[in-house]
Structures are given as C-alpha cells and as structure tokens.
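# Coordinates in review
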Amino acid sequence: MTPVHFSFTSTFILGLMGLAFHRTHLLSALLCLEGMMLSLFIALSLWTLQLEATAYSAAPMLLLAFSACEASVGLALLVATARTHGTDHLQSLNLLQC
C-alpha cells in the first residue's frame, strides 16, 4: 500500500471511528461525515488520475456536489434541532416525540 493510499484510508477510518465512538454532539457527527466524504473525494480523484480515463473525470465533482448538499441539509437540521431542543446533544433528541 502506497503512502497516499494509506493516508486517505486512515482518514476515512478515523472519520468512521469518530462517528461511531464520539457521539455526543450533532456537530461532531457532521464533521466526521464531512471528513469521510473528503477522503472519498480524494480517493476517487486519485482513481481517475491513475486510470487516465476522461469518462470518469466528472465523478469527483459529482461527489463533491453531493457532499455540499449533504452538508447544507446537516446544518439545517442542526439549526432546527438547536431551536427546538435548545441543544445539539444527541442523547437529548427523542425521535418518538415531535
């Protein structure tokens, strides 16, 4: 495994571990998701560069656009949660209540 592959693989795994084990605030969960998406973007960009195929060159930009949409929806949910519940702690959220 090359150092470049090791770096984005470890970045993805660290984001996944942060999402799985450090679940106190909604903002930290969103940041872990963004780190995972950025490591996938780097992996997909390197994959298209290694293949030298122009057919796959739009895939990293499409992933980056979906990542931006995911971030905006996550921040909207964060604002809505902070307004209704007064905090962004994940333990205080009850999905059974409206």
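Residues numbered from 1 in each chain as written. Predicted model: local features only at pLDDT ≥ 70, side-chain atom pairs only at ≥ 80, totals over all residues. Heavy atoms only, no water.

As a reminder, the rule being used: UniProt positions are given in the numbering used here, feature names are shortened, and annotations may be inferred rather than shown by experiment.
Looking at an unreviewed UniProt entry, the protein chain carries the name NADH-ubiquinone oxidoreductase chain 4L, with the source organism given as Umbra limi. Under the UniProt heading Catalytic activity (unreviewed entry), the note attached to the protein chain is "a ubiquinone + NADH + 5 H(+)(in) = a ubiquinol + NAD(+) + 4 H(+)(out)". Heading Function (unreviewed entry) of the UniProt record for the protein chain holds this comment: "Core subunit of the mitochondrial membrane respiratory chain NADH dehydrogenase (Complex I) which catalyzes electron transfer from NADH through the respiratory chain, using ubiquinone as an electron acceptor. Part of the enzyme membrane arm which is embedded in the lipid bilayer and involved in proton translocation."

## Brief notes about the side chain of S28
To keep it simple, the criterion reads: Secondary structure counts use DSSP, requiring at least four H or I residues in a row for a helix and at least two E residues in a row for a strand, with both numbered from the N terminus. Only protein chains enter the area calculation, which uses a 1.4 Å probe; residues under 20% of their type maximum are buried, those over 50% are exposed, and those in between are partly exposed. Whenever a nitrogen or oxygen atom comes within 3.5 Å of another N or O atom, the pair is scored as a polar contact, on the condition that within protein one atom can donate a hydrogen and the other can accept it, and that pairs from neighbouring residues in sequence are kept only if both atoms are in side chains.
Topologically, S28 is positioned in helix α2 (residues 26-51). We classify S28 as buried; its relative accessible area is 16%. At 2.9 Å, the side chain of S28 and the backbone oxygen of H25 are in polar contact.

## A few points about a nonpolar patch on the surface
As a reminder of what qualifies: Here, patches come from residues exposed beyond 30% relative accessible area and free of salt bridges, joined within 9 Å for like charges and within 5 Å for nonpolar side chains (Val, Leu, Ile, Met, Phe, Trp, Tyr). Working definition of accessibility: Shrake-Rupley area with a 1.4 Å probe, residue cover restricted to the visible protein chains. For this analysis, a salt bridge means a side-chain nitrogen from Lys or Arg found within 4 Å of a carboxyl oxygen belonging to Asp or Glu.
A surface patch of nonpolar side chains, amounting to about 460 Å² of accessible area, comprises I13, L14, M17 and F21. Tracing the sequence through the fold places M17 in helix α1 (residues 3-21).

## Comments concerning the UniProt feature "transmembrane region" (unreviewed entry) in the protein chain
UniProt's entry tags residues 6-22, 29-49 and 61-82 with the feature "transmembrane region" (unreviewed entry), counted in the numbering of this structure. Measuring from the first to the last C-alpha atom of residues 29-49 gives 31 Å, for a span that is 100% helix and 0% strand. The straight-line gap between the two end C-alpha atoms of residues 61-82 is 31 Å; of that span, 100% is helix and 0% is strand.

## Some remarks on the packing of α1 against α2
To keep things clear, this is the line we draw: To obtain an axis, a line is fitted to C-alpha atoms, over the contacting stretch when the element is a helix, and the angle between two such axes runs from 0 to 180 degrees between their N-to-C directions. Roughly parallel means an angle under 35 degrees; roughly antiparallel means over 145; roughly perpendicular covers 65 to 115; every other angle is labelled oblique. We call a crossing left-handed when the near helix sits turned anticlockwise from the far one by less than a right angle, and right-handed when that turn is clockwise. Note on definitions: a residue-residue contact is assigned when non-hydrogen atoms from the two residues lie within 4.5 Å. Gly falls in the polar group here, along with every residue not listed as nonpolar (Ala, Val, Leu, Ile, Met, Phe, Trp, Tyr, Cys, Pro) or charged (Asp, Glu, Lys, Arg).
It is at 8 Å that the axes of α1 and α2 come closest, and there the two elements cross at 160°. Judged by the angle between their axes, α1 and α2 are roughly antiparallel. For the crossing formed where α1 meets α2, the hand is left-handed. In contact with V4, H5, F8, T11, F12, G15, L16, G18 and L19 of α1, α2 contributes A29, C32, L33, G35, M36, S39, L40, I42, A43, L46 and Q50. A class-by-class count of the residues in the contact of α1 with α2 yields 13 nonpolar, seven polar and no charged.

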